[in-house]
Amino acid sequence: MTSYRVALAGNPNTGKSTLFNTLTGLKQHTGNWPGKTVIRAEGTYVHNNQEYTLVDLPGTYSLYANSADEEVARDYIVFEKPDVTVVVMDATAMERNLNLALQVMEMTDRVILCINLMDEAEKKGMTIHDRKLADRLGVPVVKISARNKQGIDQLLDAIERMAEGKITTRPYRVTYSEDLEQKIREIEPDVRKIVGDQYPARWIALRLLDGDYSLLKTLQDQLLNQRGKGVETGELSVSCHT
Amino acid sequence: MVLNKTKTLYDCQSGEVVQIKSLQVEGTMRRRLLDLGFVPGACVKVLQRSPMGDPVAYRVSHTTIALRQEESSRIWVEEIGGDQG
Ligand SMILES: Nc1nc2c(ncn2[C@@H]2O[C@H](COP(=O)(O)OP(=O)(O)O)[C@@H](O)[C@H]2O)c(=O)[nH]1
Ligand SMILES: [Mg+2]
(Lines give C-alpha, C1' and ligand atoms only; values in the text may rest on other atoms or scores of the structure.)
(Ligands and ions follow the chains in the order given, each with its own letter.)
Protein backbone atom coordinates (compact mmCIF):
# COMPACT_ATOMS: atom_id res chain seq x y z
CA MET A 1 0.00 0.00 0.00
CA THR A 2 1.58 3.25 -1.06
CA SER A 3 1.34 6.37 0.98
CA TYR A 4 -0.41 9.46 -0.39
CA ARG A 5 1.69 12.63 -0.22
CA VAL A 6 0.15 15.74 1.33
CA ALA A 7 1.86 19.14 1.55
CA LEU A 8 1.03 21.89 4.04
CA ALA A 9 1.56 25.36 2.58
CA GLY A 10 0.69 28.74 4.06
CA ASN A 11 1.78 32.08 5.42
CA PRO A 12 3.99 32.10 8.51
CA ASN A 13 2.09 31.70 11.80
CA THR A 14 -1.07 30.18 10.37
CA GLY A 15 -0.70 27.03 12.48
CA LYS A 16 0.90 24.69 9.93
CA SER A 17 3.27 23.14 12.46
CA THR A 18 0.51 22.85 15.05
CA LEU A 19 -1.62 20.98 12.50
CA PHE A 20 1.38 18.93 11.40
CA ASN A 21 2.10 17.85 15.00
CA THR A 22 -1.57 17.12 15.69
CA LEU A 23 -1.75 14.83 12.67
CA THR A 24 1.59 13.07 12.81
CA GLY A 25 2.20 12.99 16.56
CA LEU A 26 5.55 11.32 17.10
CA LYS A 27 5.66 9.85 13.61
CA GLN A 28 7.83 12.60 12.17
CA HIS A 29 11.41 13.45 11.40
CA THR A 30 13.18 16.62 10.39
CA GLY A 31 16.16 17.28 8.17
CA ASN A 32 17.19 19.80 5.57
CA TRP A 33 15.93 20.24 2.04
CA PRO A 34 18.62 19.06 -0.40
CA GLY A 35 21.25 21.76 -0.79
CA LYS A 36 19.38 24.23 1.42
CA THR A 37 19.57 25.35 5.03
CA VAL A 38 15.78 25.21 5.13
CA ILE A 39 14.28 22.75 7.63
CA ARG A 40 12.23 19.94 6.16
CA ALA A 41 9.68 18.30 8.45
CA GLU A 42 8.00 15.13 7.24
CA GLY A 43 5.71 12.71 9.03
CA THR A 44 3.01 10.14 8.50
CA TYR A 45 -0.52 9.52 9.69
CA VAL A 46 -3.13 6.90 8.99
CA HIS A 47 -6.75 7.68 8.15
CA ASN A 48 -9.29 4.96 7.29
CA ASN A 49 -6.47 2.41 6.98
CA GLN A 50 -4.63 4.50 4.43
CA GLU A 51 -1.21 5.99 5.16
CA TYR A 52 -0.43 9.60 4.30
CA THR A 53 2.97 11.30 4.21
CA LEU A 54 2.71 14.89 5.34
CA VAL A 55 5.30 17.56 4.47
CA ASP A 56 5.30 20.84 6.40
CA LEU A 57 6.49 23.39 3.79
CA PRO A 58 8.22 26.60 4.91
CA GLY A 59 5.78 29.40 5.72
CA THR A 60 5.87 32.17 3.10
CA TYR A 61 3.78 35.13 1.93
CA SER A 62 4.42 34.30 -1.69
CA LEU A 63 5.80 31.62 -4.00
CA TYR A 64 7.84 33.62 -6.47
CA ALA A 65 11.13 32.16 -5.20
CA ASN A 66 12.46 35.41 -3.75
CA SER A 67 14.02 33.38 -0.94
CA ALA A 68 15.21 29.83 -0.30
CA ASP A 69 12.00 29.19 1.68
CA GLU A 70 9.82 30.25 -1.22
CA GLU A 71 11.86 28.23 -3.70
CA VAL A 72 11.58 25.07 -1.61
CA ALA A 73 7.81 25.44 -1.23
CA ARG A 74 7.28 26.31 -4.90
CA ASP A 75 9.45 23.50 -6.25
CA TYR A 76 7.79 20.93 -4.02
CA ILE A 77 4.29 21.87 -5.17
CA VAL A 78 5.13 22.14 -8.87
CA PHE A 79 7.77 19.47 -9.39
CA GLU A 80 7.17 16.92 -6.64
CA LYS A 81 3.44 17.15 -7.28
CA PRO A 82 1.94 16.04 -3.96
CA ASP A 83 -1.42 14.24 -4.18
CA VAL A 84 -2.95 17.09 -2.18
CA THR A 85 -1.70 20.56 -1.21
CA VAL A 86 -3.44 21.97 1.85
CA VAL A 87 -3.17 25.75 2.13
CA VAL A 88 -3.42 26.59 5.84
CA MET A 89 -4.93 30.04 6.28
CA ASP A 90 -5.44 32.43 9.20
CA ALA A 91 -9.19 32.99 9.54
CA THR A 92 -8.55 36.42 11.07
CA ALA A 93 -6.48 37.64 8.10
CA MET A 94 -8.19 36.20 5.04
CA GLU A 95 -7.28 38.99 2.63
CA ARG A 96 -3.59 38.54 3.31
CA ASN A 97 -3.78 34.75 3.20
CA LEU A 98 -5.71 34.62 -0.09
CA ASN A 99 -2.64 35.95 -1.92
CA LEU A 100 -0.75 32.71 -1.34
CA ALA A 101 -3.88 30.58 -1.80
CA LEU A 102 -4.46 32.08 -5.27
CA GLN A 103 -0.82 31.49 -6.18
CA VAL A 104 -1.05 27.83 -5.18
CA MET A 105 -4.29 27.52 -7.15
CA GLU A 106 -2.39 28.63 -10.27
CA MET A 107 0.14 25.85 -9.69
CA THR A 108 -2.10 22.85 -9.04
CA ASP A 109 -5.72 21.69 -9.17
CA ARG A 110 -5.27 19.51 -6.11
CA VAL A 111 -5.79 22.17 -3.47
CA ILE A 112 -7.77 22.29 -0.26
CA LEU A 113 -8.14 25.57 1.61
CA CYS A 114 -7.92 24.91 5.33
CA ILE A 115 -9.03 27.91 7.34
CA ASN A 116 -7.39 27.64 10.74
CA LEU A 117 -7.64 29.73 13.94
CA MET A 118 -11.43 29.62 13.71
CA ASP A 119 -11.58 29.97 17.51
CA GLU A 120 -9.75 33.31 17.23
CA ALA A 121 -12.02 34.46 14.42
CA GLU A 122 -15.13 33.59 16.44
CA LYS A 123 -13.76 35.45 19.44
CA LYS A 124 -13.43 38.51 17.24
CA GLY A 125 -16.97 38.06 15.96
CA MET A 126 -15.87 37.15 12.46
CA THR A 127 -17.81 34.70 10.29
CA ILE A 128 -16.23 32.77 7.43
CA HIS A 129 -18.67 31.82 4.67
CA ASP A 130 -16.92 28.60 3.74
CA ARG A 131 -19.56 27.39 1.26
CA LYS A 132 -19.50 30.70 -0.61
CA LEU A 133 -15.71 30.66 -0.70
CA ALA A 134 -15.66 27.09 -1.99
CA ASP A 135 -18.19 28.03 -4.70
CA ARG A 136 -16.31 31.13 -5.80
CA LEU A 137 -12.86 29.60 -5.64
CA GLY A 138 -13.76 26.16 -7.02
CA VAL A 139 -11.85 24.18 -4.38
CA PRO A 140 -12.85 22.55 -1.07
CA VAL A 141 -12.79 24.80 1.99
CA VAL A 142 -12.57 23.35 5.51
CA LYS A 143 -12.69 25.35 8.75
CA ILE A 144 -10.58 24.09 11.64
CA SER A 145 -8.97 25.03 14.91
CA ALA A 146 -5.72 23.08 15.00
CA ARG A 147 -5.00 23.96 18.61
CA ASN A 148 -8.43 22.78 19.82
CA LYS A 149 -8.45 19.85 17.40
CA GLN A 150 -11.71 20.99 15.84
CA GLY A 151 -12.62 20.21 12.23
CA ILE A 152 -9.73 17.77 11.86
CA ASP A 153 -11.96 14.85 10.79
CA GLN A 154 -13.59 16.93 8.07
CA LEU A 155 -10.15 17.96 6.85
CA LEU A 156 -8.89 14.36 6.78
CA ASP A 157 -12.00 13.27 4.88
CA ALA A 158 -11.51 16.04 2.31
CA ILE A 159 -7.85 15.07 1.88
CA GLU A 160 -8.86 11.43 1.45
CA ARG A 161 -11.47 12.19 -1.21
CA MET A 162 -9.07 14.39 -3.14
CA ALA A 163 -6.18 11.92 -2.92
CA GLU A 164 -8.47 9.17 -4.22
CA GLY A 165 -9.49 11.36 -7.14
CA LYS A 166 -13.10 11.65 -5.94
CA ILE A 167 -13.14 15.44 -5.98
CA THR A 168 -12.90 17.45 -9.17
CA THR A 169 -11.85 21.02 -8.56
CA ARG A 170 -12.11 24.07 -10.75
CA PRO A 171 -9.63 26.47 -9.12
CA TYR A 172 -10.39 30.13 -9.71
CA ARG A 173 -7.66 31.49 -11.97
CA VAL A 174 -6.65 35.12 -11.82
CA THR A 175 -7.28 36.91 -15.12
CA TYR A 176 -4.54 39.39 -15.94
CA SER A 177 -4.53 42.42 -18.24
CA GLU A 178 -5.54 41.75 -21.85
CA ASP A 179 -1.97 42.49 -22.88
CA LEU A 180 -0.58 39.82 -20.60
CA GLU A 181 -3.36 37.32 -21.38
CA GLN A 182 -2.51 37.74 -25.08
CA LYS A 183 1.13 36.88 -24.40
CA ILE A 184 0.12 33.90 -22.28
CA ARG A 185 -2.03 32.63 -25.19
CA GLU A 186 0.98 32.98 -27.47
CA ILE A 187 3.44 30.94 -25.45
CA GLU A 188 1.25 28.54 -23.45
CA PRO A 189 0.81 26.07 -26.35
CA ASP A 190 4.60 25.87 -26.78
CA VAL A 191 5.11 25.36 -23.07
CA ARG A 192 2.46 22.61 -23.13
CA LYS A 193 4.27 20.90 -26.01
CA ILE A 194 7.39 20.74 -23.89
CA VAL A 195 6.06 19.86 -20.45
CA GLY A 196 2.92 17.98 -21.50
CA ASP A 197 0.27 17.72 -18.84
CA GLN A 198 2.70 16.94 -16.05
CA TYR A 199 3.40 20.55 -15.09
CA PRO A 200 1.07 23.60 -15.02
CA ALA A 201 1.59 25.19 -18.46
CA ARG A 202 -0.22 28.47 -17.82
CA TRP A 203 1.70 29.03 -14.61
CA ILE A 204 5.03 28.26 -16.31
CA ALA A 205 4.12 30.62 -19.15
CA LEU A 206 3.49 33.35 -16.57
CA ARG A 207 6.80 32.74 -14.84
CA LEU A 208 8.66 32.86 -18.16
CA LEU A 209 6.94 36.15 -19.06
CA ASP A 210 8.08 37.47 -15.70
CA GLY A 211 11.68 36.61 -16.65
CA ASP A 212 12.04 33.96 -13.95
CA TYR A 213 15.36 32.38 -14.90
CA SER A 214 15.61 30.35 -11.71
CA LEU A 215 12.36 28.58 -12.61
CA LEU A 216 13.59 28.00 -16.18
CA LYS A 217 16.78 26.43 -14.85
CA THR A 218 14.90 24.15 -12.43
CA LEU A 219 12.50 23.16 -15.19
CA GLN A 220 15.36 22.28 -17.53
CA ASP A 221 16.99 20.15 -14.82
CA GLN A 222 13.70 18.37 -14.14
CA LEU A 223 13.10 17.59 -17.81
CA LEU A 224 16.67 16.46 -18.46
CA ASN A 225 16.52 14.28 -15.39
CA GLN A 226 13.34 12.65 -16.67
CA ARG A 227 14.72 12.19 -20.14
CA GLY A 228 17.62 10.35 -18.53
CA LYS A 229 14.99 8.05 -17.06
CA GLY A 230 13.42 7.53 -20.47
CA VAL A 231 10.42 9.84 -20.08
CA GLU A 232 9.42 11.42 -23.40
CA THR A 233 9.43 15.21 -23.39
CA GLY A 234 9.48 17.79 -26.12
CA GLU A 235 12.38 20.04 -27.01
CA LEU A 236 13.18 22.60 -24.34
CA SER A 237 14.39 25.76 -25.97
CA VAL A 238 12.21 28.45 -24.45
CA SER A 239 13.90 31.65 -23.41
CA CYS A 240 12.59 34.25 -21.06
CA HIS A 241 10.84 37.37 -22.35
CA THR A 242 12.14 40.19 -20.20
CA MET B 1 -8.25 68.90 10.99
CA VAL B 2 -5.12 68.17 9.03
CA LEU B 3 -5.50 68.36 5.27
CA ASN B 4 -4.74 65.08 3.49
CA LYS B 5 -1.34 65.34 1.95
CA THR B 6 0.89 62.87 0.24
CA LYS B 7 4.20 61.74 1.66
CA THR B 8 6.13 58.51 1.89
CA LEU B 9 5.71 55.85 4.55
CA TYR B 10 9.22 56.64 5.75
CA ASP B 11 8.12 60.21 6.64
CA CYS B 12 5.38 58.98 8.98
CA GLN B 13 5.53 59.11 12.79
CA SER B 14 4.83 56.26 15.21
CA GLY B 15 1.09 55.88 15.82
CA GLU B 16 0.05 57.39 12.49
CA VAL B 17 -2.44 55.52 10.33
CA VAL B 18 -2.11 56.10 6.60
CA GLN B 19 -3.49 54.71 3.36
CA ILE B 20 -1.21 53.57 0.56
CA LYS B 21 -1.59 55.53 -2.66
CA SER B 22 1.14 54.09 -4.87
CA LEU B 23 4.43 52.22 -4.91
CA GLN B 24 7.30 53.95 -6.65
CA VAL B 25 9.28 50.79 -7.25
CA GLU B 26 9.44 48.09 -9.92
CA GLY B 27 10.55 44.50 -10.27
CA THR B 28 11.25 42.08 -7.47
CA MET B 29 11.03 44.63 -4.68
CA ARG B 30 7.59 45.75 -5.88
CA ARG B 31 6.38 42.15 -6.02
CA ARG B 32 7.78 41.55 -2.54
CA LEU B 33 6.07 44.62 -1.05
CA LEU B 34 2.75 43.63 -2.66
CA ASP B 35 3.09 40.09 -1.27
CA LEU B 36 3.72 41.51 2.20
CA GLY B 37 0.42 43.40 1.97
CA PHE B 38 1.66 46.87 0.95
CA VAL B 39 -0.91 47.24 -1.81
CA PRO B 40 -2.52 50.51 -2.96
CA GLY B 41 -5.63 51.15 -0.84
CA ALA B 42 -4.31 49.24 2.19
CA CYS B 43 -4.24 50.97 5.56
CA VAL B 44 -0.97 50.93 7.44
CA LYS B 45 -0.30 51.78 11.08
CA VAL B 46 3.20 52.92 11.97
CA LEU B 47 4.18 50.96 15.08
CA GLN B 48 7.67 51.86 16.19
CA ARG B 49 11.09 52.79 15.01
CA SER B 50 14.07 50.74 16.05
CA PRO B 51 16.68 52.64 18.12
CA MET B 52 18.59 53.66 14.99
CA GLY B 53 15.37 54.68 13.21
CA ASP B 54 15.65 51.88 10.66
CA PRO B 55 13.93 49.48 10.11
CA VAL B 56 10.45 50.55 11.17
CA ALA B 57 7.64 48.17 12.16
CA TYR B 58 4.25 48.53 10.46
CA ARG B 59 0.88 46.91 10.97
CA VAL B 60 -0.68 45.99 7.64
CA SER B 61 -3.49 43.52 6.91
CA HIS B 62 -3.39 42.05 10.46
CA THR B 63 0.34 41.39 10.46
CA THR B 64 3.40 43.24 11.73
CA ILE B 65 6.08 43.76 9.09
CA ALA B 66 9.32 45.71 9.35
CA LEU B 67 10.60 47.69 6.36
CA ARG B 68 13.91 49.38 5.74
CA GLN B 69 14.11 53.00 4.61
CA GLU B 70 15.05 51.81 1.15
CA GLU B 71 11.57 50.28 0.90
CA SER B 72 9.39 52.58 2.99
CA SER B 73 10.66 55.71 1.21
CA ARG B 74 9.18 54.38 -2.04
CA ILE B 75 5.67 53.90 -0.70
CA TRP B 76 3.48 56.97 -1.16
CA VAL B 77 0.73 57.37 1.42
CA GLU B 78 -2.03 59.71 2.55
CA GLU B 79 -2.88 60.53 6.16
CA ILE B 80 -6.19 59.16 7.40
CA GLY B 81 -5.87 59.35 11.18
CA GLY B 82 -4.19 57.68 14.11
CA ASP B 83 -3.43 58.68 17.64
CA GLN B 84 -0.62 61.08 16.80
CA GLY B 85 0.73 63.41 14.15
N1 LIG C 1 -5.98 30.17 18.97
C2 LIG C 1 -5.36 29.32 18.15
N3 LIG C 1 -4.03 29.38 18.04
C4 LIG C 1 -3.44 28.52 17.18
C5 LIG C 1 -4.17 27.58 16.43
N6 LIG C 1 -3.30 26.89 15.65
C7 LIG C 1 -2.07 27.38 15.95
N8 LIG C 1 -2.14 28.34 16.87
C9 LIG C 1 -1.04 29.12 17.45
O10 LIG C 1 -0.50 29.96 16.44
C11 LIG C 1 0.91 30.10 16.60
C12 LIG C 1 1.65 29.71 15.32
O13 LIG C 1 1.46 28.34 15.10
P14 LIG C 1 2.48 27.46 14.26
O15 LIG C 1 1.90 26.09 14.19
O16 LIG C 1 3.86 27.59 14.78
O17 LIG C 1 2.38 28.20 12.85
P18 LIG C 1 3.26 28.01 11.53
O19 LIG C 1 4.22 29.15 11.51
O20 LIG C 1 2.28 28.12 10.41
O21 LIG C 1 3.92 26.67 11.59
C22 LIG C 1 1.29 29.23 17.78
O23 LIG C 1 1.35 30.06 18.94
C24 LIG C 1 0.12 28.26 17.89
O25 LIG C 1 -0.07 27.79 19.21
C26 LIG C 1 -5.61 27.56 16.57
O27 LIG C 1 -6.32 26.79 15.95
N28 LIG C 1 -6.13 28.46 17.45
MG1 LIG D 1 5.95 26.17 11.33
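Residues numbered from 1 in each chain as written. Chains lettered and ligands numbered in written order. Predicted model: local features only at pLDDT ≥ 70, side-chain atom pairs only at ≥ 80, totals over all residues. Heavy atoms only, no water.

Remarks on the interface of chain A and chain B
Put simply, an interface is often sized by how much accessible area is lost when its parts join up. Counted only if it meets this: Contact definition: two residues touch when any of their heavy atoms are within 4.5 Å. Buried area: the sum, over both parts, of the accessible surface (1.4 Å probe) that disappears when the two are put together. Salt-bridge detection follows one rule: a side-chain nitrogen of Lys or Arg within 4 Å of a carboxyl oxygen of Asp or Glu. Any pair of N or O atoms that falls within 3.5 Å is considered a polar contact. Within protein, one atom must be able to donate a hydrogen and the other to accept it, and sequence-neighbouring residues count only if both atoms are side-chain atoms. For this classification, the nonpolar set comprises Ala, Val, Leu, Ile, Met, Phe, Trp, Tyr, Cys and Pro, the charged set comprises Asp, Glu, Lys and Arg, and every other residue, Gly included, is treated as polar.
Tallying the contact residues gives eleven residues for chain A and eleven residues for chain B. Surface buried jointly by chain A and chain B totals about 930 Å² across both partners, of which 41% is contributed by carbon and sulfur atoms. The largest share of the area that chain A buries against chain B comes from Tyr61(A), Asn66(A) and Arg96(A), three residues that together contribute 55% of it. Across the chain A-chain B interface, the total number found is one salt bridge. Linking Arg32(B) and Glu70(A) is a salt bridge whose minimum nitrogen-to-oxygen distance equals 2.8 Å. Run the count over chain A and chain B and you get eight residue pairs in polar contact (both at pLDDT 80 or more). Its residues assigned to classes, the side of chain A that touches chain B shows three nonpolar, five polar and three charged.

Considerations on helix H6 (residues 152-163) of chain A
All names here are of chain A. How we decide: Runs of E in the DSSP output that reach at least two residues are strands. Runs of H or I that reach at least four are helices, and both are numbered from the N terminus. By definition here, a helix of n residues has an expected span of 1.5 Å times n minus one. Whether a residue is buried, partly exposed or exposed follows from its accessible area with a 1.4 Å probe, protein chains only, as a fraction of its type maximum: under 20%, in between, or over 50%, in that order.
The terminal C-alpha atoms of H6, which comprises twelve residues, lie 16 Å apart, in line with the 16 Å expected from a rise of 1.5 Å per residue. Within the span of H6, buried status applies to Ile152, Leu155, Leu156, Ala158, Ile159, Glu160, Met162 and Ala163. Positive backbone phi, approximately 75 degrees, marks Gly165, located one or two places after H6.

Observations regarding the packing of helix H8 (residues 201-209) of chain A against helix H9 (residues 213-228) of chain A
Each packed pair of helices is defined by two parameters, the angle between the axes and the distance between the axes. Residue and element names in this part refer to chain A. Quick reminder of the rule: Under this scheme, a helix contributes an axis fitted over its contacting stretch, all axes are lines through C-alpha atoms, and angles between N-to-C directions fall in the 0 to 180 degree range. Relative orientations are named as follows: roughly parallel for angles under 35 degrees, roughly antiparallel for angles over 145 degrees, roughly perpendicular for angles from 65 to 115 degrees, and oblique for any other angle.
With their axes 8 Å apart at the nearest point, H8 and H9 run at an angle of 135 degrees to one another. Classified by the angle between their axes, H8 and H9 sit oblique to one another. For the pair formed by H8 and H9, the contact residues are Trp203, Ile204, Arg207 and Leu208 on the first element and Leu215, Leu216 and Leu219 on the second. Residue classes in the contact of H8 with H9 are distributed as six nonpolar, no polar and one charged.

Quick look at the domain arrangement of chain A
All names here are of chain A. The following threshold applies: Where a domain begins and ends is set by an automatic assignment or by a domain database.
Domain boundaries in chain A define domain 1 (4-163) and domain 2 (178-239). Relative to domain 2, the C-alpha centre of domain 1 lies at a distance of 26 Å. With nine residues of domain 1 at the contact, the number on the domain 2 side is twelve residues. Summing both sides of the interface, domain 1 and domain 2 together bury roughly 1000 Å²; the carbon and sulfur share of this comes to 60%. Counting the surface domain 1 buries against domain 2, the share from its top three residues, Arg74, Phe79 and Glu106, is 51%. Our enumeration of links across domain 1 and domain 2 arrives at one salt bridge. Here Arg74 makes a salt bridge to Asp212, at a shortest N to O gap of 3.5 Å. Counting across the domain 1 and domain 2 interface gives one residue pair in polar contact (both at pLDDT 80 or more).

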